[in-house]
Amino acid sequence: MTTDDTNEKVMEVFNRYRDLVSLPVVEGKQPIGLINRNIFLSQMSKQFRMELYGRKSCIAFMDKEPLIVDAALDIEALTFKTVEYGEKALSDGFIVTRDGVFAGTGNGLQLMRVVADMQASRNRQIMHSIEYASVIQQSTLRSSLDALARACPEAHLVWEPRDIVGGDFYQFSTDTDGWFATVADCTGHGVPGAFMTLIASTSLNQAIEQNGSRDPASLLGHVNRSIKQMLGQVDGQDATPGSDDGMDAACFWFEPVNGRLTFAGARLSMFLLRPDADTVEMLEGQRKGVGYVDSEIDFSWLNQEVSLPRGTLVFVSTDGLIDQIGGPRGIALGKRRVRESLLEHRQKSPSEINMALLESLRVWQGEHHRRDDLTFFCFRT
């Protein structure tokens, strides 16, 4: 429309083009307003409005402050601008100019459809990337599973990332007189957590290559120093660290011939159920995480040594199992329920015990959201 066009002309156009949401108004080549179909029809349907305004200029019911954007604006910037402008821009649409000259109009609904299609395409690309990252993460862990199969064929591991990839990892290695195991929980879930597992597992591998695997406490110290240096955490005193990230871990060295087990824990514990015991024994980890700004770079974890008779059940888990919210009161599963499950199923194989725990977790969780990655490990001496 132009400023010379009347409201009768606007009515004629709206009647002819039923799908038309709005009409732009120009003066010369410059856009000056936008006429919304619904507003215009509601105003003109009132008594005597057609007689009073029918032959007057269409600017009478024109929005004089529509959203005007340049044709060179990219879709992302246009979307932000449209949302920022408010609901009016989405319902009425907007005017498009090229070098200040009227070029056309845009429809808010069509814009949202385009954005939705673009987002769906991006999401598909992201999901494909994450799924491939899962393949890579599982490949890096496969050698550990092979080592565990050689060291303790009846042992059983559950590893379930919450978001395809995750922040939990495990590590197993063998030597002539024993084998080493780690179950660890790095900061974060999904892709950020997976990046942390690469950092932590690489540091642990280097520590084992340099120092062997018989001293779990010293390995935790090595990984702690490595993470802090890599992430810019200096003695817990850096005012602007690169990140406040790290890991919790349960590490142990086990010698099957003499039943000696050496355990070191960073905020994770070990459950022990001896063949003749009526209760589950706990080896508590120290309350200091590996890495993180508040962990001293020279912090020393302590080894705990125990002698285990043949047939002792050994169980370690990240907090994804213990901290899962559920039950009638929406509280954490807790260590007590894990101990009760171990006692109830003590005569079963490690894989059956883990499956029983998984089923207990499923029932406990109910309709609650899975909070964390899930990793736990069980074997019998």
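Residues numbered from 1 in each chain as written. Predicted model: local features only at pLDDT ≥ 70, side-chain atom pairs only at ≥ 80, totals over all residues. Heavy atoms only, no water.

**Thoughts on the nonpolar core**
Core analysis: the biggest nonpolar cluster contains 51 residues, and Trp-179, Met-247, Phe-252, Leu-261, Phe-377 and Phe-379 have the highest contact counts within it. For this core, the leading source of residues is strand β9 (residues 246-255), giving seven residues. Not counting chain neighbours up to four residues away, the residues in contact with Phe-379 comprise Cys-152, Ala-155, Trp-179, Phe-252, Phe-254, Leu-261, Thr-312, Leu-313, Val-314 and Pro-350. In terms of nonpolar packing, the next biggest core, distinct from the first, is built from 21 residues, Val-158, Phe-271, Leu-357 and Leu-361 among them. (Core = buried A, V, L, I, M, F, W, Y, C linked by side-chain atoms within 4.5 Å. Buried < 20%, exposed > 50% of the residue type's maximum accessible area, 1.4 Å probe, protein only. Helix = DSSP H or I, 4+ residues; strand = E, 2+ residues; numbered from the N terminus. Contact = heavy atoms within 4.5 Å.)

**A closer look at the packing of aromatic side chains**
Two aromatic rings are characterised by how far apart their centres lie and by the angle between their planes. Applying the stated rule across the entire model yields 17 aromatic pairs. What links up through ring pairs into an aromatic cluster is the set Trp-159, Tyr-170, Phe-172, Trp-179, Phe-252, Phe-254, Phe-377 and Phe-379. Positioned above the aromatic ring of Tyr-292 is the side chain of Arg-267, whose terminal nitrogen or guanidinium carbon lies 4.8 Å from the ring centre. Note that Lys-288 overlies the ring of Phe-299, its terminal NZ or CZ placed 5.5 Å from the centroid. (Phe/Tyr/Trp six-rings, centres within 6.5 Å; stacked < 30°, edge-to-face > 60°. Lys NZ or Arg CZ within 6 Å of the ring centre and 35° of its normal.)

**Regarding the state of the cysteines**
Using the criterion set out here, one finds zero disulfides in the structure. Cysteine Cys-186 is unpaired, with the sulfur of Cys-251 as its nearest cysteine sulfur at 11 Å. Judged by its relative accessible area of 2%, Cys-186 is buried. (Disulfide = S-S within 2.5 Å.)

**Focus: the pattern of salt bridges**
Summed over all chains, the structure comprises 13 salt bridges. Arg-214 is the partner of Asp-175 in a salt bridge, and the nearest nitrogen-oxygen pair spans 3.1 Å. Taken together, the residues span a long stretch of sequence, with Asp-175 in the loop between β7 (168-174) and β8 (179-186) and Arg-214 in the loop between α7 (190-211) and α8 (216-230) at a distance of 39 residues. The partly exposed category is assigned to Arg-214, whose relative accessible area is 37%. Linking Arg-260 and Glu-255 is a salt bridge whose minimum nitrogen-to-oxygen distance equals 2.8 Å. Overall, Glu-255 belongs to the buried group, its relative accessible area being 9%. Through salt bridges with shared partners, a single ionic network connects Asp-175, Asp-177 and Arg-214. (Salt bridge = Lys/Arg side-chain N within 4 Å of Asp/Glu carboxyl O.)

**Topic: the environment of Asp-163**
Along the chain, Asp-163 turns up in the loop between β6 (156-160) and β7. Sequence separation between Asp-163 and Gly-291 is 128 residues; the distance between their C-alpha atoms is 23 Å.

**Details of the packing of helix α4 (residues 75-85) against helix α6 (residues 108-151)**
Between α4 and α6, the least distance of the axes is 11 Å, while the angle of their chain directions is 130°. As far as their axial angle goes, α6 and α4 are oblique. Viewed along their axes, α4 and α6 form a crossing whose handedness is left-handed. Two secondary-structure elements touch here, α4 through Ile-75, Leu-78, Thr-79 and Thr-82 and α6 through Leu-111, Met-112, Val-114, Val-115 and Met-118. (Axes fitted to C-alpha atoms, helices over the stretch in contact; angles between N-to-C directions. Parallel < 35°, antiparallel > 145°, perpendicular 65-115°, else oblique. Left-handed = near helix turned anticlockwise from the far one by under 90°.)

**Re the sheet that holds strand β3 (residues 68-70)**
Judged by pairing direction, the sheet is mixed, and its three strands sit side by side in the order β3-β4-β5 without closing on themselves. Single-partner strands in this sheet number two, and they are β3 and β5 (101-106). Averaged over all neighbouring strand pairs, the angle between strand axes comes to 35°, with direction disregarded. Here three bridges tie β3 to strand β4 (residues 94-98), and the two strands are oriented parallel to one another. Bridging across to β4, Asp-70 finds its partner in Thr-97. (Pairing = 2+ DSSP bridges.)

**As for a nonpolar patch on the surface**
A cluster of nonpolar side chains, Ile-75, Val-114 and Met-118, forms an exposed patch at the surface whose accessible area comes to about 200 Å². Looking at where Met-118 falls in the secondary structure, it is placed in helix α6. (Patch = residues over 30% accessible without salt bridge, like charges linked within 9 Å, V, L, I, M, F, W, Y side chains within 5 Å. Areas by Shrake-Rupley, 256 points an atom, 1.4 Å probe, with all protein chains shown as cover.)

**Describing the sheet that holds strand β12 (residues 281-283)**
Read across the sheet, five strands follow the order β6-β18-β15-β11-β12 without closing on themselves; strand pairing throughout is antiparallel. Each of the sheet's edge strands pairs with one partner strand only, and the pair in question is β6 and β12. Taken over all neighbouring pairs, the strand axes of this sheet differ in orientation by 15° on average, direction set aside. Along the sheet face, helix α10 (residues 334-344) touches β11 (270-273), β12 and β15 (313-317) and points at about 30° away from the line of β11.

**Observations regarding the side chain of Ser-213**
With respect to the helices and strands, the residue Ser-213 is situated in the loop between α7 and α8. If sequence neighbours within four positions are ignored, Ser-213 has contacts with Ser-173, Phe-180, Ile-208, Leu-219 and Trp-253.

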